[in-house]
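Residue strings, one per chain:
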Amino acid sequence: MDTYYFDHNATTPVHEEVLKEMLPYFNQTFYNASSSSHLLGIRMGKKIEDVRKNIANLLSVESSGITFTSSATESLNTALISIFNLYKTKGNHIVACTTEHKVVLDTLAYLKTLGALVTLIPVQHDGIIDLTELKKAVNNSTIAVCVMLANNETGVIQPINEIAEIAHHSNAIMVCDTTQAYGKMHVDLNELNIDVAVLSAHKFYGPKGAGILYARKKNPRVTLSPLLHGGLQDNALRSGTQNVPAIIGMNKALEIAIQNIWENTTQLSKLRIYLEQQLEALNLIKINGSTKYRLCNTSNLQFSNLTSNKFIQSFPQLALATGSACTSILPEPSHVLKAMGLSDLEAKSSIRFSLGITNTMEEIISTINLIKNKLIA
Ligand code: PLP
């Protein structure tokens, strides 16, 4: 039985060229980038700094603001926890959106136990943040506004420029989870006015275990503090021996993702539009989330009279998700869809298709036929 993988928002395969680039760093040039007592380690350290500069160029930011981490989860925890600890003199108020990833929501729940005041801004039915409510909530004691660029469950893209303007008006730090955006849309951290950004390599055809935490270094400088203590790697913001092969792979993956962005988004849009149009023509689905401001690869589809669990059981050939990878073991309906005003039943009848660059039109056509044959008896 052929299986079609439509769960690229959970993770992507490592690109062939990325793998090739990484391999020598496991057993040939395997040295510790912090070993400054010999030339091999010094060269490794230099290589990591070159990669940092290249990544900074790709992101249009300064290289001193780039920290290598293990994941978006680590980057978001570091950012939010350290902002709360370091900006207490300004205030204890953090603003986020109801549809943020659980990493953000759970970190903020933890910060609440330490005295943070957290406001979660609602979204409209299309999944886009309510800017009027945001304006009302942000005030002089707000230290950070944390809103993701693109949602992992629905693909809905938030108006980060406008959100950043509201944050900056009250001198709050604009923290943006860009984990799902790279490789699926054009992103320029500078243009978007983001102060702190978070990326994860395995979402853009890089390896697992590699993430980026970017913090603005000037106009104004954002100061962060480490979660992990010990070594002095990454300007002491992220102690621990650097994961050289993963960092090298992440750099290559980001390079390829940015280089091929127009080609890939065109191809992914074509597949997604065809899938949605065909299923809509059969009266089988409703699309959850904005159809205008949405990632080219993501379709969150509500099937009438069929729960997502039943759907997934009925189609073992399709690798799909009912929500985010991290929360798919939870029996509750998606917090993202609920925040958009869907009922429990509507949320539980919704499935996420997240397409990737190796998917083909043949796979999409076979999938439509499978669904048609089973659901239109
Ligand atoms: N933020 C978003 C929007 C995500 O989709 C994910 C992963 O699904 C994360 C954060 C966590 O990423 P990581 O697996 O790199 O920790």
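Our structure is the block above this text.
Residues numbered from 1 in each chain as written. Predicted model: local features only at pLDDT ≥ 70, side-chain atom pairs only at ≥ 80, totals over all residues. Heavy atoms only, no water.

(A) Broad picture of the overall build of the protein. From N to C terminus, the protein includes 13 helices and 12 strands. On C-alpha atoms alone, the protein measures out to a radius of gyration of 21 Å, which is about the 21 Å that the 2.2 N^0.38 rule sets for 377 residues. Dimensions of the protein, computed from C-alpha atoms along their principal axes, come out at roughly 70 × 55 × 35 Å. Burial status across the protein gives 55% buried among its 377 residues. The long-range share in the protein, meaning contacts at least 24 apart out of those at least 6 apart in sequence, stands at 72%. Counting every atom, the protein has about 16500 Å² of accessible surface; 52% of that belongs to carbon and sulfur. Here the protein contributes 32 positively and 31 negatively charged side chains, and the mean placements of these two sets differ by 3 Å. (Helix = DSSP H or I, 4+ residues; strand = E, 2+ residues; numbered from the N terminus. Rg over C-alpha atoms; globule rule 2.2 N^0.38 Å. Buried < 20%, exposed > 50% of the residue type's maximum accessible area, 1.4 Å probe, protein only. Contact = heavy atoms within 4.5 Å. Areas by Shrake-Rupley, 256 points an atom, 1.4 Å probe, with all protein chains shown as cover. Lys, Arg positive; Asp, Glu negative; His and termini not counted. Charge placed at Lys NZ, Arg CZ, Asp CG, Glu CD.)

(B) Fine view of the site of the ligand. Around the ligand lies a shell formed by Ser71, Ala72, Thr73, His101, Met148, Asn152, Asp177, Thr179, Gln180, Ser200, His202 and Lys203. The separation between an oxygen atom of the ligand and a polar side-chain atom of Thr73 is 2.4 Å. Contact with the protein chains covers 92% of the free accessible surface of the ligand, which is 400 Å². Looking at side-chain class alone, the shell around the ligand contains two nonpolar, eight polar and two charged residues. (Near = heavy atom within 4 Å. Polar contact = N/O pair within 3.5 Å; in protein donor to acceptor, adjacent residues only side chain to side chain. Nonpolar A, V, L, I, M, F, W, Y, C, P; charged D, E, K, R; others polar.)

(C) Fine view of the pairing of strand 3 (residues 93–97). The buried fraction of strand 3 is high, at five of five residues. Because side chains alternate across strand 3, one face comprises the buried residues His93, Val95 and Cys97, and the other comprises Ile94 and Ala96, equally buried. The sheet contact formed by strand 3 and strand 4 (residues 117–121) spans five bridges and is parallel. Residue Cys97 lies in a different strand from strand 4, and its bridge partner there is Ile121. (Pairing = 2+ DSSP bridges.)

(D) Representation of the sheet that holds strand 9 (residues 285–287). Within the open sheet, the three strands sit side by side as 9-10-12. Their pairing is antiparallel. At either end of the open sheet lies a strand with only one pairing partner, and these are strand 9 and strand 12 (350–354). Here the strands of the sheet are splayed against their neighbours by 35° on average, with no regard to which way each runs. Direction of pairing for strand 10 (residues 298–303) relative to strand 12: antiparallel, over a ladder of five bridges. Bridged to Leu301 within strand 12 is Ile351. Taken strand by strand, helix 9 (residues 261–281) contacts strand 9, strand 10 and strand 12, and its axis lies near 10° from that of strand 10. (Axes fitted to C-alpha atoms, helices over the stretch in contact; angles between N-to-C directions.)

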